[in-house]
Amino acid sequence: MIEALRRWAATHTERSRYSPVGIAFHWIMAFLVMAQLAIGWYASILPSGGGKLLTYQLHSAVGLPILLLAIARLFWRLIIPGPVNDADRGGWQTQAAYLTHYLFYLCFFGLPLTGWVMWSALGEPAPLRLAGFIPWPALPLHGLGPEMQYRLLAVAEEGHHILVLLLALLIPLHVGAALKHHFWDRHDVLRGMLPEVPDWEDSRKETQHSPRESGLPQQ
Ligand code: HEM
Ligand code: HEM
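Residues numbered from 1 in each chain as written. Chains lettered and ligands numbered in written order. Predicted model: local features only at pLDDT ≥ 70, side-chain atom pairs only at ≥ 80, totals over all residues.

Undergrad: If you had to explain the confidence of the model for the chain to someone new, which residues and values would you point to?
TA: Mean pLDDT over the chain: 90, with 91% of residues reaching 70 or higher. Mean pLDDT across the elements of the chain bottoms out in helix H7 (residues 211-214) (50) and peaks in helix H2 (residues 20-45) (98). (pLDDT = per-residue confidence, 0-100. Helix = DSSP H or I, 4+ residues; strand = E, 2+ residues; numbered from the N terminus.)

Undergrad: So what's going on with the nonpolar core? Residues and values would help.
TA: In terms of nonpolar packing, the biggest core is built from eight residues, these being Leu 64, Trp 116, Val 117, Met 118, Trp 119, Ala 121, Leu 128 and Ala 156. For this core, the leading source of residues is helix H4 (residues 92-121), giving five residues. Leaving out residues up to four positions away in the same chain, Leu 64 has contacts with Pro 112, Leu 128, Leu 130 and Trp 136. (Core = buried A, V, L, I, M, F, W, Y, C linked by C-beta atoms within 7 Å. Buried ≥ 20, exposed ≤ 12 C-beta atoms within 10 Å, placed from the backbone. Contact = placed C-beta atoms within 7 Å.)

Undergrad: Run through the site of ligand 2, naming residues and quoting values.
TA: Close to ligand 2 lie 19 residues, the nearest being Ala 30, Val 33, Ala 87, Phe 104 and Ala 178. Every element with two or more residues in the shell around ligand 2 is listed here: H2, H4 and helix H5 (146-184). In terms of residue count, the dominant contributor to the shell around ligand 2 is H2 (five residues). When its residues are assigned to classes, the shell around ligand 2 shows 13 nonpolar, five polar and one charged. (Near = placed C-beta within 6 Å. Nonpolar A, V, L, I, M, F, W, Y, C, P; charged D, E, K, R; others polar.)

Undergrad: Quick rundown of the UniProt feature "domain: Cytochrome b561 bacterial/Ni-hydrogenase" (unreviewed entry) in the chain? Include the residues and the values.
TA: Sites flagged by UniProt as "domain: Cytochrome b561 bacterial/Ni-hydrogenase" (unreviewed entry) map to residues 17-195. In residues 17-195, helix accounts for 70% and strand for 3%; the two terminal C-alpha atoms are 9 Å from one another. (UniProt positions renumbered as here; feature names shortened; annotations may be inferred.)

Undergrad: Just give me the short version of the UniProt feature "transmembrane region" (unreviewed entry) in the chain, but keep the residues and values in it.
TA: Residues annotated in UniProt with the feature "transmembrane region" (unreviewed entry) correspond here to residues 21-44, 56-76, 96-119 and 160-179. The straight-line gap between the two end C-alpha atoms of residues 96-119 is 34 Å; of that span, 100% is helix and 0% is strand. Split by type, residues 160-179 is 100% helix and 0% strand. Its first and last C-alpha atoms lie 28 Å apart.

Undergrad: Please provide a residue-by-residue account of helix H3 (residues 50-79), values included.
TA: For H3, which comprises 30 residues, the first-to-last C-alpha distance of 45 Å matches the rise-based estimate of 44 Å (1.5 Å per residue) to within 8%. Among all positions in H3, only Tyr 56, His 59, Ser 60, Gly 63, Leu 64, Ile 66, Ala 70 and Arg 73 are buried. Those residues of H3 that are buried lie in contact with H2, H4, strand E1 (128-130) and strand E2 (134-136). (Expected span 1.5 Å × (residues − 1).)

Undergrad: Break down the packing of H2 against H3 for me, with residues and values.
TA: Viewed as axis vectors pointing N to C, H2 and H3 meet at an angle of 155°, and their least axial separation amounts to 9 Å. Here H2 lies roughly antiparallel to H3, going by the angle between them. In the packing of H2 onto H3, the handedness of the crossing is left-handed. Its residues assigned to classes, the contact of H2 with H3 comprises 17 nonpolar, six polar and two charged. (Axes fitted to C-alpha atoms, helices over the stretch in contact; angles between N-to-C directions. Parallel < 35°, antiparallel > 145°, perpendicular 65-115°, else oblique. Left-handed = near helix turned anticlockwise from the far one by under 90°.)

Structural data, given as structure tokens:
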């Protein structure tokens, strides 16, 4: 099964492209994570009250699927190697790109996990729901005693905040590097992460009908 998946993915990675599964993971998670940053910041500036709690509920509903996607994506990434492209020429830029990717994965796991700890240590201000409707348990922190729970809350809050700042730094660096590769260096890096569109010229040839074949009078 894994061998068959690898062979299928190789038909893409051999052409310096991510597989469609890798591309779907990338863009779905990029969208969710950026939305999540915006929702989190918006929630944090709202005055206390029902609106703030509702926004945090939305924040947790969007954040928990990110954890499940991160597990699935890491599994996929471990069994399916990425393509070798113009970004893999060695040197500090390649190392910086790999480091950025590792740190992104740290955020994908660390943010939902610290969020889940905070929510549970706060005594579950409202029930957690994955994507807004699938019940998700709080972590069993009640047995720890109030002081330990408070400490855990403080550590998770600090961790969440540091990872938010890290993410806010990584995204512009990563996007800037991708755009530089594409527009400045004319590398194949961004093209390999975009969905493949069939060649317009080829499909035009296939669909174009000649008036002679269709029996219409020619001009
Ligand atoms: C990739 C996923 C996530 C991102 C990008 C994210 C981002 C943010 C941001 C930007 C804030 C604003 C305050 C700050 O800068 O710390 C925040 C706060 C918060 N987030 Fe998240 N979050 C994520 C996942 C989660 C999850 C899954 C939960 C709950 C299950 C959660 C619970 C919270 C809570 C309770 C706060 C308030 C913290 C406080 O007021 O000190 N987050 N998050
Ligand atoms: C407009 C926005 C974005 C563009 C143009 C973009 C572009 C790219 C490109 C071209 C690659 C392939 C790099 C290579 O092969 O060396 C890549 C990989 C990656 N990107 Fe993005 N990206 C964007 C947003 C994001 C965001 C917001 C995140 C995280 C939240 C993210 C996380 C990643 C990760 C983790 C990889 C490594 C993929 C892997 O090998 O598993 N990207 N991105």
